[in-house]
Amino acid sequence: MCGIVAAVAQRDVAPILIAGLKALEYRGYDSAGIAVLDGAHLRRLRAKGKVREVEALYEADPFPGGTGIAHTRWATHGAPSERNAHPHASGRAVVVHNGIIENHAALREALRERGREFASDTDTEVIAHLVDEALAQGKSLREAVREAVGQLHGAYAIAVLDVEAPGVVVGARRGSPLVAGIGIGEHFLASDVQALIQVTRRVIYLEENDLVEIRRESVEVFGMDGTPRQRAEQTSELSSDAVERGEYRHYMQKEIFEQPRAVADTLEGRLGEDGVLPNVFGVDGESLLTRVRGLHIVACGTSYHAGMVAKYWIESLARLPVSVEVASEYRYRDVVVPEDTLFVAISQSGETADTLSALRETARRGYLGTLGICNVPESSLVREADLKLMTRAGPEIGVASTKAFTTQLTALALLALELGRLHGLDETRRRHLTAELKHLPAAIEAALQCEPAIEALAEQFVHRQHALFLGRGAQYPVALEGALKLKEISYIHAEAYPAGELKHGPLALVDEDMPVIAVAPNNAMLDKLKSNLQEVRARGGELYVLAGKDTGMEIDAERGEVIEVPLGGHFVAPVVFTVPLQLLAYHVAVLRGTDVDQPRNLAKSVTVE
Ligand code: AGP
């Protein structure tokens, strides 16, 4: 979490830093700040709240300066406030930081004993003091940063400037992303290339334990031992359209409507007539997937829900046992790994701290291999997994995952089909499922046509405090995802249950104030689900059913409603039924007037434990 931008240029950099921070707000948005050097004169602006607060301060009193660092924060140590906002300064050193310094308490104690006084509650401030101490001993900024980071435990990306050395910024990364941008006579650093496309597409993705020094005329990369490192320059293909909101009111709405395209892109060039094309999982993919005798899927949040759907698919199509677990639990558990188990990590960002740590645990746990399913090609997850399968959702800006989820499901459907082929799924069924998958973008397009009905339905939820979501089979994780969407952007408390569990407890919650949303495709579980829904009706509950065609559902208009959703086929139905649930959460949030794209207390990329 947290976003970093830095620049060294001939022109004034404050507007570039502020525009870059806005592009990074998805990483955190509880406070922000910039520090700019004009010669050796330092200007620092910090404010609680969003980047626009800092922008307003700057616009009220603009200042020049060609060297600067900037930060948008998601608080870990110390409440969101101006004094805890970055950049943090100590003497000559000014620092922005993303991540967590795990040994900050011990470092702070030692620094205090050496006479240092602290101006914030953050872990970051220790870095400023350590760098300042080294500068005071006559070290260069690069040497001072190298010495300071040598004392840090934890995960971080930082950018540092020295008030007495305008024209240079030093960055370092360990466990959090950092990319250098290459301009003509100007250079930049950022947590994500999105912050840089306003100024350049030429980038260098820094690797673990890289130290980087940017000046107007150069970008140099070093190892933590101080020796130079070669890093290839790349051209980012990110289009500015991809990170602009266009005609849509919110990024989330845009991203919901981008799903047919995103899913089509994820399928592009990967499906033949009877299944997945060769080498989609890389040249070693087939031999590894043939040997697999079970899977452990690990992820967080929405990505975890995608993994739960995959369990139903893979067990049914490939007859392989699958366990799915949230990464924050998995990494600390004494996991039993049966022989020939494949570890699958799912992450939109590829930088989620818990998921990455789980992946790193696999080396000593004895897996057959690892597969990363991810949306960001340059991410740590993609670099570190043996096999990779990219989702091609494009940048997702809204904090609530939408197209990232449906493209993850699409990638996992490919995995299930391929495992099926290698583990005995007959050709006729494979061909049928392949055709269904090819039709998925059109099925999602059809599901989007439910929007007017869902928008009207959203009115019923505006003043609610609670909601219950029900599903059965692979629609149970879809119900979980629907509940997560509603709670994270509308702040309505929502829970999801497998419908069969209702009478084992949650039924006690059902009364006229508890709307119940059921996901009911016309499948083998429909009659069972109908019985569960009768239990709700009998207790006076309000039922809102997203139903497949011809389910024969009828509901008293006073006590609920049935909205028909085009199924798109039984295999892909979990993807299709996700769409109206996303739309429901979106429209409820809009009616409640919440900050849809940047809901309170959250951040898009959770790079801390
Ligand atoms: C859901 O809308 C959230 N964005 C969140 O649950 C997210 O899925 C989770 O933090 C995992 O992120 P990742 O996919 O980038 O690892």
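Reading the values: the criteria
Residues numbered from 1 in each chain as written. Predicted model: local features only at pLDDT ≥ 70, side-chain atom pairs only at ≥ 80, totals over all residues. Heavy atoms only, no water. Helix = DSSP H or I, 4+ residues; strand = E, 2+ residues; numbered from the N terminus. Rg over C-alpha atoms; globule rule 2.2 N^0.38 Å. Contact = heavy atoms within 4.5 Å. Pairing = 2+ DSSP bridges. Axes fitted to C-alpha atoms, helices over the stretch in contact; angles between N-to-C directions. Phe/Tyr/Trp six-rings, centres within 6.5 Å; stacked < 30°, edge-to-face > 60°. Buried < 20%, exposed > 50% of the residue type's maximum accessible area, 1.4 Å probe, protein only. Core = buried A, V, L, I, M, F, W, Y, C linked by side-chain atoms within 4.5 Å. Near = heavy atom within 4 Å. Polar contact = N/O pair within 3.5 Å; in protein donor to acceptor, adjacent residues only side chain to side chain. Areas by Shrake-Rupley, 256 points an atom, 1.4 Å probe, with all protein chains shown as cover. UniProt positions renumbered as here; feature names shortened; annotations may be inferred. Parallel < 35°, antiparallel > 145°, perpendicular 65-115°, else oblique. Left-handed = near helix turned anticlockwise from the far one by under 90°.

Helix and strand counts for the protein chain come out as 19 helices and 25 strands. A globule of 609 residues ought to have a C-alpha radius of gyration of about 25 Å, and the protein chain, at 25 Å, matches this closely. Taken along the three principal axes of its C-alpha coordinates, the protein chain extends 80 × 55 × 45 Å. Taking the contacts inside the protein chain whose residues are at least 6 apart along the sequence as the reference set, 71% of them involve residues at least 24 apart.

Bringing the sheet that holds strand β2 (residues 31–38) into the picture now. Across the sheet, which stays open at both edges, the 8 strands sit in the order β3-β2-β4-β1-β10-β9-β11-β15 with antiparallel pairing between neighbours. Each edge of the open sheet carries a strand with a single partner, namely β3 (41–48) and β15 (234–235). Examined bridge by bridge, β2 and strand β4 (residues 67–73) share 7 bridges and lie antiparallel to one another. Following the sheet pairing, Ser 31 is matched in β4 by Arg 73. Contacts between helix α1 (residues 14–23) and the sheet are confined to β1 (3–8), β2, β4 and β10 (187–190), with β2 contributing the most and set at about 160° to the helix.

Let's shift gears to the packing of aromatic side chains. Counting across every chain of the model gives 6 aromatic pairs. Relative to Phe 63, the ring of Tyr 58 lies with its centre 5.1 Å away and its plane at 90°, an arrangement referred to as edge-to-face. Of the two residues, Tyr 58 and Phe 63, both sit in the buried class. Here Phe 343 and Tyr 367 contribute two aromatic rings whose centre-to-centre distance is 5.4 Å and whose plane-to-plane angle is 70°, an arrangement assigned as edge-to-face. In this pair, Phe 343 is assigned in strand β18 (residues 341–347) and Tyr 367 in the loop between α11 (353–365) and β19 (369–374), connecting sequence segments 24 residues apart. Overall, Tyr 367 belongs to the buried group, its relative accessible area being 13%.

Counting 94 residues, the largest nonpolar core has Leu 295, Ile 314, Leu 437 and Phe 469 as its most contacted members. At 13 residues, the largest contribution of residues to this core is made by helix α19 (residues 573–592). Counting residues in hydrophobic clusters, the runner-up holds 35 residues, among them Val 5, Ala 32, Val 203 and Ile 397.

Below, the discussion takes up the site of the ligand. Within the structure, the ligand sits among 14 residues, and Ser 303, Ser 347, Gln 348, Thr 352 and Glu 488 are positioned closest to it. For the ligand, an oxygen atom lies 2.6 Å from a polar atom in the side chain of Ser 303. With respect to the ligand, the side chain of Ser 347 contributes an N or O atom lying 2.6 Å from an oxygen atom. Out of a free accessible area of 410 Å², the ligand has 91% covered by protein chains.

What follows concerns the UniProt feature "domain: Glutamine amidotransferase type-2" (unreviewed entry) in the protein chain. Per the UniProt annotation, the sites labelled "domain: Glutamine amidotransferase type-2" (unreviewed entry) are residues 2–217. The span residues 2–217 carries 24% helix and 34% strand; its end-to-end C-alpha distance comes to 28 Å.

This part is about the packing of helix α9 (residues 301–318) against helix α17 (residues 475–490). For the pair α9 and α17, the least separation of the axes is 8 Å and the interaxial angle reads 165°. Taken as axis vectors, α9 and α17 run roughly antiparallel relative to one another. Note that α9 runs across α17; the crossing there is left-handed. The segment α9 lies against α17, with Gly 301, Thr 302, His 305, Met 308, Val 309 and Tyr 312 engaging Tyr 476, Pro 477, Val 478, Leu 480, Glu 481, Leu 484 and Lys 485.

To continue, consider the sheet that holds strand β12 (residues 210–214). The strands that make up a sheet are held in pairs by hydrogen bonds between backbone atoms, and each pair lies either parallel or antiparallel. Strand order across the open sheet formed by 7 strands is β5-β6-β7-β8-β12-β13-β14, with antiparallel pairing between neighbours. Taken across any chain shown, the strands that pair with only one partner, and hence form the sheet edges, are β5 (88–90) and β14 (228–229). In the sheet, strand β7 (residues 154–162) pairs with strand β8 (residues 169–174) via 4 bridges, with the strands oriented antiparallel. Bridged to Val 160 within β8 is Val 170. On the sheet, helix α4 (residues 125–136) packs against β5, β6 (93–101) and β7 and is oriented at approximately 135° with respect to β6.

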